[in-house]
Amino acid sequence: MANSRITPYRNGPYLIRGDFTLVDQDGEEIETRRRTIALCRCGASRTKPFCDGTHKTIGFRAQSGSGDGERGRPA
């Protein structure tokens, strides 16, 4: 079983760490070259699906968790 962790960063990207395979909607593998990557969450990156830091310049805002203050519970 793959050991990976996905962390949504407050006002930033999803950080993926560990062993994982990233695929597009057709199931084709997207080469990552690293064990840690940042995926765009703001929709404005010029290097989608990867984060290029644009979220900082556009003022993207999003919480890190579910936002309800209860960890581990679905929103």
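What counts as what
- Residues numbered from 1 in each chain as written.
- Predicted model: local features only at pLDDT ≥ 70, side-chain atom pairs only at ≥ 80, totals over all residues.
- Heavy atoms only, no water.
- Salt bridge = Lys/Arg side-chain N within 4 Å of Asp/Glu carboxyl O.
- Buried < 20%, exposed > 50% of the residue type's maximum accessible area, 1.4 Å probe, protein only.
- Phe/Tyr/Trp six-rings, centres within 6.5 Å; stacked < 30°, edge-to-face > 60°.
- Lys NZ or Arg CZ within 6 Å of the ring centre and 35° of its normal.
- Helix = DSSP H or I, 4+ residues; strand = E, 2+ residues; numbered from the N terminus.
- Pairing = 2+ DSSP bridges.
- Axes fitted to C-alpha atoms, helices over the stretch in contact; angles between N-to-C directions.
- pLDDT = per-residue confidence, 0-100.
- Contact = heavy atoms within 4.5 Å.

**A word on the pattern of salt bridges**
(1) Moving on: On inspection of all chains with the given rule, the structure shows three salt bridges.
(2) Moving on: As a salt-bridge pair, Arg-46 and Asp-52 come within 3.5 Å of each other at their nearest N and O atoms.
(3) Moving on: Among the residues examined, Arg-46 registers a relative accessible area of 71% and is labelled exposed.

**Digging into the packing of aromatic side chains**
(1) Moving on: Within this structure, the stated rule accounts for zero aromatic pairs.
(2) Moving on: Across the ring face of Tyr-14, the terminal group of Arg-41 is positioned such that the distance to the ring centre comes to 5.1 Å.

**Quick look at the pairing of strand β3 (residues 36-39)**
(1) Moving on: In β3, alternate side chains face the same way, and those of Ile-37 and Leu-39 are buried while those of Thr-36 and Ala-38 on the opposite face are not.
(2) Moving on: Bridge count between strand β2 (residues 14-18) and β3: four bridges; the pairing is antiparallel. By the bridge assignment for β3, Tyr-14 is matched with Leu-39.

**A short note on the sheet that holds strand β1 (residues 4-8)**
(1) Moving on: Across the sheet, which stays open at both edges, the three strands sit in the order β1-β2-β3 with antiparallel pairing between neighbours. Where the open sheet ends on each side, the last strands, each with one partner, are β1 and β3. Adjacent strand axes in the sheet meet at a mean angle of 20°, parallel and antiparallel pairs treated alike.

**Notes on the pairing of β1**
Here is the key point about a regular strand: its side chains alternate between the two faces of the sheet.
(1) Moving on: Note: β1 against β2, five bridges, orientation antiparallel. Residue pairing across strands places Arg-5 opposite Arg-17, the latter belonging to β2.
(2) Moving on: Following β1, the chain reverses through five residues before pairing antiparallel with β2; Asn-11 in that reversal takes a positive phi of roughly 60°.

**Let's talk about the confidence of the model for the chain**
(1) Moving on: In the predicted model, the chain carries a mean pLDDT of 89, and 85% of its residues have values of at least 70.
(2) Moving on: Per-element mean pLDDT across the chain ranges from 96 in β1 up to 98 in β3.
(3) Moving on: Note on residues 70-75: pLDDT under 50 across the span, and three contacts to partners over four residues away in sequence or across chains.

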